[in-house]
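Tertiary structure, described
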Amino acid sequence: RKVAGGTVGRAYGGDALWFVGNDGTSAKIYTPPPSTMVQWFDVDRRRGDTVVWGERADSGAFTLWEAPLVKTTGGAKPRKLHSQATSYGAFVANAGAVFFLGEAPGQLRVVRAADLGTETLAAPATDRPLEPVWVDEKEIWFTTEPSATFPAGSARSWIVRLTR
């Protein structure tokens, strides 16, 4: 993901987050603890390029973290946002919110960085959410397919907008 002065990326296999400067320099800015991996990450541009990432433990437990953008090795100062027993994979971060698909079918979740609160919303019963696309102060956007599609993920998808 492009950030001020360069790019933030995840190492192959999820063993670290890196900053690569526009000048070609690089720094491993965060390394997860043993028995965990960085499963996904995003950058909240509206919060000064705050880096948000999710770690999955070998047990399957998932923890969501954030840290201000840093450009030096080991410089990230993580702050825990949320944790749950299972992984939810991809998410989007924007305007102090992180949006992801919930654990139950049709469940959508938003974690607010300001107060660590969680909002739980439901997708229309006719739709099966596939992937988060956008979140802001008012809405969430996600791709979806008809809930009756078999096998899941095999139909053409479209984008749905819901008010938070």
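Residues numbered from 1 in each chain as written. Predicted model: local features only at pLDDT ≥ 70, side-chain atom pairs only at ≥ 80, totals over all residues. Heavy atoms only, no water.

1. Some points on unusual backbone geometry
Selection criterion: Put simply, DSSP marks the helices as runs of H or I at least four residues long and the strands as runs of E at least two long, and each gets a number from the N terminus on.
A cis amide bond, omega -10°, links Phe 150 with the succeeding residue Pro 151. Here Ser 35, not a glycine, exhibits a phi torsion of approximately 70°, which is positive. Inspection of the secondary structure assignment puts Ser 35 in the loop between strand S4 (26-30) and strand S5 (36-44). One non-glycine residue, Ala 95, adopts positive backbone phi at about 55°.

2. Considerations on a nonpolar patch on the surface
To keep it simple, the criterion reads: Any residue with relative accessible area above 30% and no salt bridge may belong to a patch, with like charges joined within 9 Å and the nonpolar Val, Leu, Ile, Met, Phe, Trp and Tyr side chains within 5 Å. Every accessible area reported is derived by Shrake-Rupley at a probe size of 1.4 Å, with residue values counting cover from the shown protein chains alone. Salt bridges are counted wherever a side-chain nitrogen of Lys or Arg sits within 4 Å of a carboxyl oxygen of Asp or Glu.
Nonpolar side chains collect at one region of the surface, where Val 133, Trp 134 and Ile 159 lie side by side and expose about 260 Å² of accessible area between them. Here Val 133 is to be found in strand S13 (residues 127-135).

3. Side note on the nonpolar core
We apply this condition: Think of a nonpolar core as a cluster: buried Ala, Val, Leu, Ile, Met, Phe, Trp, Tyr and Cys residues, connected wherever their side-chain atoms sit within 4.5 Å. Exposed residues in this analysis have more than 50% of their type's maximum accessible area, buried residues have under 20%, and partly exposed residues fall in between, with area computed by a 1.4 Å probe over protein chains only.
Core analysis: the largest hydrophobic core is formed by 16 residues, its most contacted members being Val 8, Leu 17, Ile 29 and Trp 53. Secondary-structure elements contributing two or more residues to this core are strand S3 (17-21), S4, S5 and strand S6 (50-57). Formed by 13 residues, the second largest nonpolar core is a distinct cluster that contains Phe 99, Val 110, Val 135 and Phe 142.

4. Brief notes about the packing of aromatic side chains
The line we're drawing: The criterion for an aromatic pair is that two Phe, Tyr or Trp rings (for Trp, the six-membered ring) have centres within 6.5 Å, with stacked assigned to planes under 30 degrees apart, edge-to-face to planes over 60 apart and tilted to the rest. In our convention, an over-ring charge means Lys NZ or Arg CZ found within 6 Å of a ring centre and within 35 degrees of that ring's normal.
By the definition in use, this model includes two aromatic pairs. Ring centres 4.6 Å apart and planes at 45° place the aromatic pair Tyr 30 and Trp 53 in the tilted group. Taken as a pair, Tyr 30 in strand S4 and Trp 53 in strand S6 lie far apart in primary sequence, 23 residues in all. For the pair formed by Tyr 30 and Trp 53, the shared burial category is buried. Geometrically, the ring pair formed by Phe 99 and Phe 142 is edge-to-face, given 6.4 Å between the ring centres and 65° between the ring planes. Residue Phe 99 is found in strand S10 (residues 97-101), and its partner Phe 142 is found in strand S14 (residues 139-146); the two are separated by 43 residues along the sequence. The positively charged end of Arg 1 is found above the aromatic ring belonging to Phe 41, 5.3 Å away from the centroid.

Bear in mind that shape data such as this cannot, by itself, settle questions of function.
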